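# Survey of secondary and tertiary structure
Spelled out, the chains give:
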Amino acid sequence: MEIQKCLILGSGPAGYTAAIYAARAGLSPVVYEGLQPGGQLTTTTEIENFPGYPDGVDANDMMEQLRKQAERFGTEVRSSMATAADLDQRPFVLTFDDGTKVATHTLIIATGATAKYLGLDDEKKYSGMGVSACATCDGFFYRKKRVAVVGGGDTACEEASYLAGLAEKVYMIVRKPYLRASQAMQERVANDPKIEILFETNTLGLYGDGGVEGAHLVYRKGETDERRYDLAIDGFFLAIGHKPNSELFAQWLELDEHGYIMTEGATPRTKVQGVFAAGDVADPLYRQAITAAASGCKAAIEAERYLKENGL
Ligand code: NDP
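Described in the following lines is the structure provided in the data block. Keep in mind that what you see is a predicted model, and the values were worked out from it rather than measured.

### Remarks on the nonpolar core
Judged by nonpolar contacts, the single largest core of 30 residues is most densely connected at Ile-8, Leu-41, Ile-47, Met-62 and Ile-108. Those elements that provide at least two residues to this core are β1 (2-9), α1 (13-24), α2 (59-72) and α7 (289-309). Sort the elements by how many residues they give to this core and α7 lands first, with 7 residues. Leu-7, Phe-92, Leu-253 and Val-272 belong to the second-largest nonpolar core, a separate cluster that totals 21 residues.

Listed below in structure tokens is the structure:
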């Protein structure tokens with residue numbers, strides 16, 4: 001079986017930054033791109049908050065540049081998807097969907113998280129044209145516009161207050177008659193005059209020519225006072241949670257109640273020595289390209305130290 005020094009799962013900012021550092025340290029890392037080459041960023045359009053791009057950068061272009069930068073120093077990028085792991089063995093063994101097995105002395109898990117969507121066809125239809133799962137990424141494009149945020153948790157409240165700083169009006173579409181968010185976050189949205197909460201409301205679909213112009217909503221679905229109406233909005237933000245892509249490792253690593261990989265303090269070290277977690281798969285709080293990149297860097301530095309300390 002092929003044995004690698006450093007295998008990286010995931011090709012978002014965390015995976016590629018880890019690869020750049022690991023490659024420059026002479027580890028000849030192998031990156032497995034996974035299902036979504038370039039990671040979650042490739043679902044957005046322009047990135048304006050990554051340092052170093054004063055005029056913004058197309059998300060796909062940035063990920064392409066990161067890949068090239070990693071390859072320049074000797075990273076090998078492969079496109080298969082990991083389907084099984086064995087972290088009891090040393091070196092660790094990963095199995096991929098093309099049937100191959102690869103052993104590795106260090107493993108950097110940068111498999112990201114997936115934003116949850118409602119499952120409406122219109123979410124796909126208007127993806128990148130008014131539908132977003134990241135207010136920090138896309139909110140800026142809705143200055144002085146009307147937007148809606150779906151969800152009633154802390155993320156939804158945080159996204160709604162962030163958007164209220166930019167947009168003219170923010171609706172929160174909440175399916176229950178109450179918010180699930182913490183008291184402090186509830187107060188923050190309640191005290192913001194730009195935010196209006198639509199309780200007991202669900203989204204049936206979106207409409208618009210060439211972009212979102214509104215949402216079809218239903219109030220108290222199935223009740224005697226059910227009411228269906230259209231709400232004019234320019235942006236539709238999902239904030240109903242994220243699912244970290246950590247299942248493959250659940251047996252060996254410590255996960256929090258939402259499935260995020262728990263790491264040792266501010267380091268990317270996991271419970272298994274030689275296995276590191278970087279980016280959104282281990283970050284329920286920030287979920288930004290720049291924070292993911294930073295943790296990828298830390299993971300590569302840790303991997304290099306681990307290899308050296310163990311004479312590998
Ligand atoms: P949560 O699971 O806490 O909340 C998800 C929200 O989305 C709920 O209001 C839920 O409704 C709603 N929802 C889920 N599915 C649907 C659906 N199909 N249709 C309509 N609404 C739906 O997720 P969060 O991302 O908000 O938070 C995750 C964790 O991260 C939490 O522990 C949170 O406290 C933490 N967090 C903390 C922050 C902070 O402290 N600043 C910031 C962000 C997150 P319902 O209530 O009906 O289930």
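### A word on the packing of helix α5 (residues 154-164) against helix α6 (residues 183-190)
Packing of α5 against α6 brings their axes to within 9 Å, and their N-to-C directions diverge by 30°. The way α5 lies across α6 gives a crossing that is left-handed. Contacts between α5 and α6 pair Asp-154, Cys-157, Glu-158, Ala-160 and Ser-161 from the former with Met-185, Arg-188 and Val-189 from the latter. Of the residues that constitute the contact of α5 with α6, the class distribution is 4 nonpolar, 1 polar and 3 charged.

### Describing the sheet that holds strand β16 (residues 227-232)
Taken in spatial order, the 3 strands of this open sheet run β14-β15-β16, and their pairing is antiparallel. Two strands lie at the open edges of the sheet, namely β14 (201-207) and β16, each paired on one side alone. Ignoring strand direction, the axes of neighbouring strands in this sheet form an average angle of 25°. Two elements, strand β15 (residues 214-219) and β16, share 6 bridges in a ladder whose sense is antiparallel.

Reading the values: rules and limits
- Residues numbered from 1 in each chain as written.
- Predicted model: local features only at pLDDT ≥ 70, side-chain atom pairs only at ≥ 80, totals over all residues.
- Heavy atoms only, no water.
- Core = buried A, V, L, I, M, F, W, Y, C linked by side-chain atoms within 4.5 Å.
- Buried < 20%, exposed > 50% of the residue type's maximum accessible area, 1.4 Å probe, protein only.
- Helix = DSSP H or I, 4+ residues; strand = E, 2+ residues; numbered from the N terminus.
- Axes fitted to C-alpha atoms, helices over the stretch in contact; angles between N-to-C directions.
- Left-handed = near helix turned anticlockwise from the far one by under 90°.
- Contact = heavy atoms within 4.5 Å.
- Nonpolar A, V, L, I, M, F, W, Y, C, P; charged D, E, K, R; others polar.
- Pairing = 2+ DSSP bridges.

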